[in-house]
Structure formats: C-alpha cells, structure tokens
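# Fold and contact review
The residues making up each chain are set out below.
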Amino acid sequence: MEYEGQICRSPMERSSFMLPVMVGCSYNRCKFCMLFKHLTYRRLPMEQIFADIRRVADLGGDPKWVFLGDGNAFSLPAEDLLTILQEIRWAFPSCQGVNMDATVTSIAQKTDEQLRLLTQAGVSHLYLGIESGLDDVLRLMDKDHTKAQAMEQIRRIQQAGMVFDAHIMTGVAGKGRGRENALALGEFFRRTRPSRMVNFSMFIHRRAPLYQLIQQGKFVPADEGEALEEERVLLHQLWNMEVEYDGFHDILPLRVRGKLPEDREKMIRKLEKALGEHGDAPWPVALVD
C-alpha cells in the first residue's frame, strides 16, 4: 500500500483493511489539528485505489470490514464512492461494510437519494468529528458546522440507514468550561444516538493554529484534571444509552473504555480514582512540540 502521512483512524477500525482514497484532508481547517497540515490534499486516482484492492484480493485477502482513508473520505463525489464500493464488493465477497470519516458539510453536499444508494452499496459507519456541544467553541475551532446543522445531517444519514459514530475532544472548550461542554454533549448524544464514541482528550501542538490563539489570549487551555472531570460528567450524562466508548489521554497514562450502559459505573470509578490519586499537585496542560 502506498500511504502518505500519519495513519489516523478510530481504534474500532483496527482490524479493518485501510484503503486510502485521498491524501490529507479536504477540509483541514480545524484549529487544533496537525494531522494533515503538512500535506497537500489530493484525491488518489482510481487506478491506484483499484490496484490496492486487487493486491489484497490476489493475496487471498477477504476483509470483513474496509475503512476508507484519509481525513474525510466521505467528501469524495457520490459517483466516485459508488465506483469504489462496487470494486470492493466484487473483490471481497465477505465484506460486511465500508466505514470512513466524514464531516457535516460532506454529508450536506449529498442528496437523500445519494445517501440511500451509498448505504445500499455498503457504506455502514460514518465517523463525525463533533468535538464540542457548544456553538461558540465550534466557531472558535473553525469546525464546519453548528450543533443544529450536525443534528440535521446525522438525522439524514440515519434515515438513509447509515450508523453515526462520534469523535469528541474533552478540553476543547478551554479552562473552566469542561462541565458546561459535557452537559451540552450529553444532551446532543441523547438526541443523536451514536453507536460508537471516541474521546481524544485534546492536546495542543505548538505549531497548531490554536496555539496562536493561546498566545493572543483568545483561548486558555484546560488542564488534564479538568479534562478527566469533564469526561466523568459526560459519562454520567449517557446513563440511558447503548454505545461503545473509548477515551484516550495522550499526556496521562490513562485509557477509559467499555460498553454503555453495562461498563459505565466501572469507567466512572476509574476516572474518580485517577482524580483522587493525583492529590494536590498541579495537573499538566497538554502542550506538545
């Protein structure tokens, strides 16, 4: 496989065959993200995509799940996605579904009929970077949607038969706003019902556009203690949901994962233990070079 950049996908996709269909991210404006800033976005030629599929098939590969990369693969035109899906279905008869990252805008650009055809052709899970439940935070981070717009596009893909999975980011609302963000996210998810949630607790790269906002005094980052407390409050808000959850903390040696509702109390206790064991020492702020 020819691959450019850093592989980034949900941990739930670790056993999927990752098939690149683009280099970089077609949006690439989120102020906290440095995954694709060094890449020039471009769509990969169909010949290269088909060659990757056939290479795996010729080696006897028949994956049950395929993940299309890279950032925001759903932004490809519906006709191109349908062509790729047809090739996947022909090469991998055991394939149960094709998953990928999407944005609210990339969904809005497709008609209801296109969404229905994509579902029929094999698209299963779409991962959306929701990040925050607060509109002013979404604006500050230069996300491509408001809370209401996200809810509407999630409704459309679910109506078409696709599954909504969510990426969130504790700490994204900044210092002093973790609980507020957790409550807003809880309300959002109770209404939109994701199947999977991945929390990449925010860390700030010193070369990211967000770091410039910190230097200008327009954003004050939350420390890791507040991020843990935000996650604890969020899990309390998801008391009546069935969802697969995985929470990462890049600065702390801590990972909180399980299935709700059965593992919710165990995950909350793990967070409370980490908060209690830290004592009075100052919590780190997740800044990286």
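Further up the page is the structure itself.
Residues numbered from 1 in each chain as written. Predicted model: local features only at pLDDT ≥ 70, side-chain atom pairs only at ≥ 80, totals over all residues. Heavy atoms only, no water.

## Some words on the nonpolar core
To keep things clear, this is the line we draw: For the purposes of this section, nonpolar cores are sets of buried Ala, Val, Leu, Ile, Met, Phe, Trp, Tyr and Cys residues that join through side-chain atoms within 4.5 Å. For each residue, the accessible area found with a 1.4 Å probe, counting protein chains only, is set against the maximum for its type, and the residue is called buried under 20%, exposed over 50%, and partly exposed in between. To qualify as a helix, a DSSP run of H or I must reach at least 4 residues; to qualify as a strand, a run of E must reach at least 2; elements of each kind are numbered from the N terminus. The contact rule is simple, with two residues in contact once any of their heavy atoms fall within 4.5 Å.
Ranked by internal contacts, the top residues of the largest apolar core, which has 86 residues, are Leu19, Leu68, Phe74, Ile130 and Phe189. Looking at this core element by element, the count peaks at six residues for helix α2 (residues 78-91). With sequence-adjacent residues up to four places away left out, Ile130 is seen in contact with Leu138, His145, Ala150, Ile154, Phe164, Ala166, His167, Leu185, Phe188 and Phe189. With five residues, the next largest nonpolar core counts Met12, Met18, Phe67 and Val198 among its residues.

## What about the sheet that holds strand β6 (residues 123-131)?
Worth spelling out the cut-off: Only strands that DSSP links by at least two bridges are regarded as paired with each other. Axis definition: a line fitted to C-alpha atoms, limited for helices to the stretch in contact. Angles are taken between N-to-C directions and run from 0 to 180 degrees.
One open sheet holds the eight strands; their spatial order is β1-β4-β5-β6-β7-β8-β10-β11, and the pairing between them is mixed. Unpaired on one side and paired on the other, β1 (17-20) and β11 (254-260) mark the two borders of the sheet. Across the sheet, the mean angle from the axis of one strand to that of its neighbour is 20°, orientation sign disregarded. Bridge analysis of β1 against strand β4 (residues 65-69) gives four bridges, and the strand direction is parallel. Looking across to β4, one finds that Pro20 is bridged to Gly69. Docked against the sheet, α2 engages β1, β4, β5 (97-102) and β6, running at close to 150° with respect to β4.

## Quick word on the packing of helix α4 (residues 112-121) against helix α6 (residues 147-160)
What counts here: Here the word oblique covers every angle except those under 35 degrees (roughly parallel), over 145 (roughly antiparallel) and from 65 to 115 (roughly perpendicular). Throughout, a crossing is termed right-handed when the near helix is turned clockwise from the far one, and left-handed when it is turned anticlockwise from it by less than a right angle. Amino acids are sorted into nonpolar (Ala, Val, Leu, Ile, Met, Phe, Trp, Tyr, Cys and Pro), charged (Asp, Glu, Lys and Arg) and polar (every other residue, Gly among them).
Axis separation between α4 and α6 bottoms out at 8 Å; the angle between their running directions is 50°. As judged from the angle between their axes, α4 and α6 are oblique. The way α4 lies across α6 gives a crossing that is right-handed. Listed contacts from α6 to Asp112, Leu115, Arg116 and Thr119 of α4 are Arg156, Ile157 and Ala160. Classifying every residue of the contact of α4 with α6 gives three nonpolar, one polar and three charged.

## A look at the packing of aromatic side chains
Here is the rule: In this analysis, rings of Phe, Tyr and Trp, with Trp reduced to its six-membered ring, are considered paired at centre separations within 6.5 Å, and the interplanar angle assigns stacked below 30 degrees, edge-to-face beyond 60, and tilted for intermediate values. Charges are assigned to positions over rings by a cutoff of 6 Å between ring centre and Lys NZ or Arg CZ, combined with an angular limit of 35 degrees from the ring normal.
Tallied over the entire structure, the rule returns four aromatic pairs. With a centroid separation of 5.9 Å and 90° between ring planes, the pair formed by Phe17 and Phe92 is classed as edge-to-face. Of this pair, Phe17 sits in strand β1 while Phe92 sits in the loop between α2 and β5, and the two are 75 residues apart along the sequence. Their ring planes at 65° and their centres at 6.2 Å tell us that Phe67 and Tyr127 sit as a pair that is edge-to-face. Placement of Phe67 in strand β4 and of Tyr127 in strand β6 is noted, with a sequence separation of 60 residues between them. Summarising the burial analysis for this pair, Phe67 and Tyr127 share the class buried. Over the ring of Phe74 we find Lys110; its NZ or CZ atom is 4.6 Å from the centre of that ring.

## Regarding the environment of His249
For the record, the criterion: Polar contacts, as counted here, are pairs of nitrogen or oxygen atoms within 3.5 Å of one another; within protein the pair requires one atom able to donate a hydrogen and one able to accept it, and residues that are adjacent in sequence qualify only if both atoms are side-chain atoms.
Among the secondary structure elements, His249 is positioned in strand β10 (residues 243-249). Taking the C-alpha atoms as reference, His249 lies 14 Å from Met267; in sequence the two are 18 residues apart. Those residues in contact with His249, other than ones at most four positions away along the chain, are Ser201, Glu224, Leu228, Glu231 and Leu254. Side chain to side chain, His249 and Glu231 meet in a polar contact 2.6 Å long.

## Considering the pairing of β5
What counts is decided by this rule: Whether a crossover is right-handed depends on one test, that the path from the first strand over the helix to the second runs clockwise when the strands point away from the viewer.
Counting buried residues along β5, six of its six residues qualify, which places the element largely inside the surrounding structure. A two-sided burial pattern is seen for β5, the buried positions comprising Gly97, Asn99 and Asp101 on one face and Val98, Met100 and Ala102 on the other. By the bridge criterion, four bridges tie β4 to β5 in an arrangement that is parallel. Considered in β5, the bridge of Phe67 is made with Asn99. A crossover links β4 with its parallel partner β5, the connecting element being α2, and its sense is right-handed.

## A short note on helix α10 (residues 264-278)
To keep it simple, the criterion reads: Here the expected length of a helix is defined as 1.5 Å per residue gap, with one fewer gap than residues. What the arc covers is the set of directions going from the helix axis to the C-beta atoms.
Between its first and last C-alpha, α10 extends 22 Å over 15 residues, near the 21 Å set by a 1.5 Å rise per residue. For α10, every residue scored as buried is listed here: Arg264, Met267, Ile268, Leu271 and Ala274. Down the axis of α10, the sector holding all buried residues measures 120°, keeping them to one side. Facing away from the buried side of α10 by more than 90 degrees, the exposed set consists of Arg269, Lys273, Gly276 and Glu277. Buried positions along α10 lie against α9 (224-237), β10 and β11.

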